[in-house]
Amino acid sequence: NVDNQWSGRRHSASVYILHVGNNSFYKNRIGVLRVFARIHNKLGVELKMAGPPPGPELTELVGELGLASHVHFVVNPEDDLLVNLYRKAALLLFPSLYEGFGWPPLEAMACGCPVVCSTAGSLSEVVGKAALKSSAGNYDQMAENCIAVFEDEELAKKLIQKGYEQAKKYS
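If you're wondering where the values come from, they're calculated on a predicted model, not measured in any experiment.

**Q** It is not clear to me how the sheet that holds strand S1 (residues 16–20) should be interpreted in this structure. Could you clarify?
**A** The strands making up a sheet associate through hydrogen bonds between their backbones, and the pairing can be parallel or antiparallel. The strand order across the open sheet built from six strands is S3-S2-S1-S4-S5-S6, with neighbouring strands paired in parallel fashion. Sheet topology places strand S3 (71–75) and strand S6 (132–134) at the edges, where each strand pairs with a single neighbour. When the angles between neighbouring strand axes are averaged without regard to direction, this sheet yields 20°. With three bridges joining them, strand S5 (residues 115–118) and S6 adopt parallel strand pairing.

And the structure:
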């Protein structure tokens with residue numbers, strides 16, 4: 001039930017935004033932090049970044065942005081933990097600069113997680129109308145899209161429902 005899924009996430013004591021990706025420049029983990037910095041104070045949420053350990057550039061930026069106690073790195077999670085992260089996340093933030101396919105948004109949608117992503121590479125085609133999209137470098141718009149998911153419960157539920165339908169198109 002989409003209603004119960006969304007309510008459970010929004011009212012959890014530990015509401016978080018999820019990012020899944022590696023440290024390659026095109027995954028734009030720096031962009032994830034810049035978007036999160038724009039919305040953290042307004043939404044009071046945490047950020048979980050799943051993937052390899054952060055490089056020095058990422059760690060330094062977390063400190064510079066004053067987000068050290070709000071950004072949590074989940075290093076190389078096993079598949080079952082990753083599925084759990086998707087299921088409990090308020091949304092997946094994926095401002096990739098380039099994607100050949102874009103597995104994390106598709107995995108998120110299959111797990112009932114709303115997606116906010118860039119339009120880079122194949123992402124627009126992969127997510128269809130089941131995600132809120134903007135250009136990869138438009139951090140203000142991406143932040144607005146995240147806020148919209150939090151503030152508009154009907155929008156979040158629609159994204160979850162459309163996400164399930166979109167994910168079924170792929171095997």
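**Q** What exactly am I supposed to notice about the side chain of Ser-96 here?
**A** Looking at the element boundaries, Ser-96 is found in the loop between strand S4 (91–94) and helix H5 (103–110). A polar contact of 2.8 Å, which involves the side chain of Ser-96, links it to the backbone oxygen of Tyr-98. Setting aside chain neighbours within four positions, we find Ser-96 in contact with Tyr-26, Lys-27, Asn-28, Ser-118, Ala-120, Leu-123 and Ala-136.

**Q** Help me understand a positive patch on the surface in this model?
**A** On the surface, Lys-129, Lys-133, Lys-158 and Lys-162 cluster together to form a positively charged patch. Assignment of secondary structure puts Lys-158 in helix H8 (residues 153–167). Under the relative-accessibility criterion, Lys-158 is labelled exposed at 52%.

**Q** For this particular structure, what's the right way to read the pattern of salt bridges?
**A** Pairing between side chains of opposite charge can happen when their charged atoms approach one another. Taken as a whole and judged by the stated rule, the model has five salt bridges. Note that Lys-157 and Glu-154 form a salt bridge whose closest N and O atoms lie 3.8 Å from each other. In this pair, Lys-157 and Glu-154 both sit in helix H8, three residues apart, roughly one turn of the helix. Residue classification places Lys-157 among the buried positions, given a relative accessible area of 13%. Judged by relative accessible area, Glu-154 falls into the partly exposed class, the value being 49%. Salt bridges here are not isolated pairs; linked through shared partners, they connect Glu-153, Glu-154 and Lys-157.

**Q** Sorry, what's going on with the packing of H5 against H8 here?
**A** Helix packing for two helices is described by the angle between their axes and how far apart those axes are. Their axes nearest at 7 Å, the elements H5 and H8 cross at an angle of 115°. In terms of axis orientation, H5 runs roughly perpendicular to H8. Where H5 crosses over H8, the handedness of that crossing is left-handed. Listed contacts from H8 to Leu-106, Met-109 and Ala-110 of H5 are Gly-163, Tyr-164, Gln-166 and Ala-167.

**Q** Hey, could you run me through the pairing of S3 in this one?
**A** Relative to S3, strand S2 (residues 46–51) runs parallel, the two being bridged by five bridges. Each bridged residue has a counterpart across the sheet, and for Met-49 the counterpart in S3 is Phe-73. Taken together, S2, helix H3 (residues 56–64) and S3 constitute a β-α-β crossover, and its handedness is right-handed.

Conventions and cut-offs
- Residues numbered from 1 in each chain as written.
- Predicted model: local features only at pLDDT ≥ 70, side-chain atom pairs only at ≥ 80, totals over all residues.
- Heavy atoms only, no water.
- Pairing = 2+ DSSP bridges.
- Helix = DSSP H or I, 4+ residues; strand = E, 2+ residues; numbered from the N terminus.
- Axes fitted to C-alpha atoms, helices over the stretch in contact; angles between N-to-C directions.
- Polar contact = N/O pair within 3.5 Å; in protein donor to acceptor, adjacent residues only side chain to side chain.
- Contact = heavy atoms within 4.5 Å.
- Patch = residues over 30% accessible without salt bridge, like charges linked within 9 Å, V, L, I, M, F, W, Y side chains within 5 Å.
- Areas by Shrake-Rupley, 256 points an atom, 1.4 Å probe, with all protein chains shown as cover.
- Salt bridge = Lys/Arg side-chain N within 4 Å of Asp/Glu carboxyl O.
- Lys, Arg positive; Asp, Glu negative; His and termini not counted.
- Charge placed at Lys NZ, Arg CZ, Asp CG, Glu CD.
- Buried < 20%, exposed > 50% of the residue type's maximum accessible area, 1.4 Å probe, protein only.
- Parallel < 35°, antiparallel > 145°, perpendicular 65-115°, else oblique.
- Left-handed = near helix turned anticlockwise from the far one by under 90°.
- Right-handed = clockwise from strand over helix to strand, strands pointing away.

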